[in-house]
2 protein chains.
Amino acid sequence: MKFNAEIEILPLKGLLDPQGKAVANGLPKIGIHTASNVRIGKFITLDIEAKSADEARVFCETACTKLLANLIMEGYIIRIKAI
Amino acid sequence: MKFNAEIEILPLKGLLDPQGKAVANGLPKIGIHTASNVRIGKFITLDIEAKSADEARVFCETACTKLLANLIMEGYIIRIKAI
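(A) Focus on the pattern of salt bridges. Tallied over the full model, the rule gives eight salt bridges over all chains. A salt bridge links Glu6 of chain B to Arg79 of chain B; the shortest N-O distance between them is 2.9 Å. Residue Glu6 of chain B is found in strand β1 (residues 2–11), and its partner Arg79 of chain B is found in strand β3 (residues 74–82); the two are separated by 73 residues along the sequence. Residue class for Arg79 of chain B comes out partly exposed when judged on its relative accessible area of 29%. Arg79 of chain B is the partner of Glu8 of chain B in a salt bridge, and the nearest nitrogen-oxygen pair spans 2.6 Å. Note that Glu8 of chain B is positioned in strand β1 and Arg79 of chain B in strand β3, a separation of 71 residues in sequence. Counted as one network, the salt bridges with shared partners bring together Glu6, Glu8 and Arg79 of chain A together with Glu6, Glu8 and Arg79 of chain B.

(B) Here's a closer look at the relation of the copies chain B and chain A. Rotating chain B by 180° about the axis while translating it 0.0 Å along that axis superimposes it on chain A, leaving an RMSD of 0.0 Å. The superposition of one copy onto the other is thereby described by a two-fold rotation axis. A high fraction, 100%, of the interface residues of chain B reappear at the interface in chain A, so the copies pair face to face through one surface.

(C) Geometry of the interface of chain B and chain A. In this complex, chain B contributes 32 residues to the contact, which on the side of chain A involves 32 residues. When chain B packs against chain A, the two sides together hide about 2700 Å² of surface, and 65% of this comes from carbon and sulfur. It is Ile30, Thr34 and Phe43 of chain B that lose the most area in chain B upon contact with chain A, and together they represent 21% of the buried surface on that side. In this structure, the connection of chain B to chain A is made through two salt bridges. Our count for the chain B to chain A interface comes out at twelve residue pairs in polar contact (both at pLDDT 80 or more). Looking at the side of chain B that touches chain A, the elements that each hand over two or more residues are β1, α1 (18–26), β2 (35–49) and α2 (53–68) of chain B. Taken together, the residues of the side of chain B that touches chain A break down into 16 nonpolar, seven polar and nine charged. As paired strands, strand β2 (residues 35–49) of chain A and β2 of chain B are joined by eleven bridges and run antiparallel to one another. Paired with Ile40 of chain A across the bridge in β2 of chain B is Ile44 of chain B.

(D) A look at the pairing of β2 of chain A. Both strand β1 (residues 2–11) of chain A and β2 of chain A contribute to a ladder of eight bridges, which runs antiparallel. Within the sheet, the bridge partner assigned to Ile7 of chain A lies in β2 of chain A and is Ile44 of chain A.

(E) Examining the side chain of Arg39 of chain A more closely. As for its position among the elements, Arg39 of chain A is in strand β2. Those residues in contact with Arg39 of chain A, other than ones at most four positions away along the chain, are Leu10, Pro11, Leu12, Lys13 and Asp17 of chain A together with Phe43, Ile44 and Thr45 of chain B.

What counts, and where the lines are drawn
Residues numbered from 1 in each chain as written. Chains lettered and ligands numbered in written order. Predicted model: local features only at pLDDT ≥ 70, side-chain atom pairs only at ≥ 80, totals over all residues. Heavy atoms only, no water. Salt bridge = Lys/Arg side-chain N within 4 Å of Asp/Glu carboxyl O. Helix = DSSP H or I, 4+ residues; strand = E, 2+ residues; numbered from the N terminus. Buried < 20%, exposed > 50% of the residue type's maximum accessible area, 1.4 Å probe, protein only. Least-squares fit on C-alpha atoms with pLDDT ≥ 70 in both. Contact = heavy atoms within 4.5 Å. Buried area = accessible area lost by both parts, 1.4 Å probe. Polar contact = N/O pair within 3.5 Å; in protein donor to acceptor, adjacent residues only side chain to side chain. Nonpolar A, V, L, I, M, F, W, Y, C, P; charged D, E, K, R; others polar. Pairing = 2+ DSSP bridges.

This is the structure in structure tokens:
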């Protein structure tokens, strides 16, 4: 079966997020004054062939822990759907 | 009312995505041989004060078009939920 995976990777809460801070500082200049807690990370989407959604999730966990995310500084969320 | 917005920004389909290609080349080296169509973009989350979910979405559209996304090369998806 074929699955689509969406992976969100964000800096852990409480850690400095300079990119998020830069955007938070830029928003008032384009007229948005009510935004807070801006955090910026990576978004990854991929298709994966696997026997089950669980196996696809295990593949994505491996990809996150070994390649995509820095677990000291980042957390990740994986969403799997059949396609 | 306060809303949380999640924004996914990805390179448009058909455009070259060198970061995605690099990850696609790296996955077989960690034992994942069945992945394809890897695309990498940005993920942004923020809290925003607005009168309605529609107004919060308008704020986020403005942020995407004026600050966060390069519309020539990237597309975006906005999700709003009340918090």
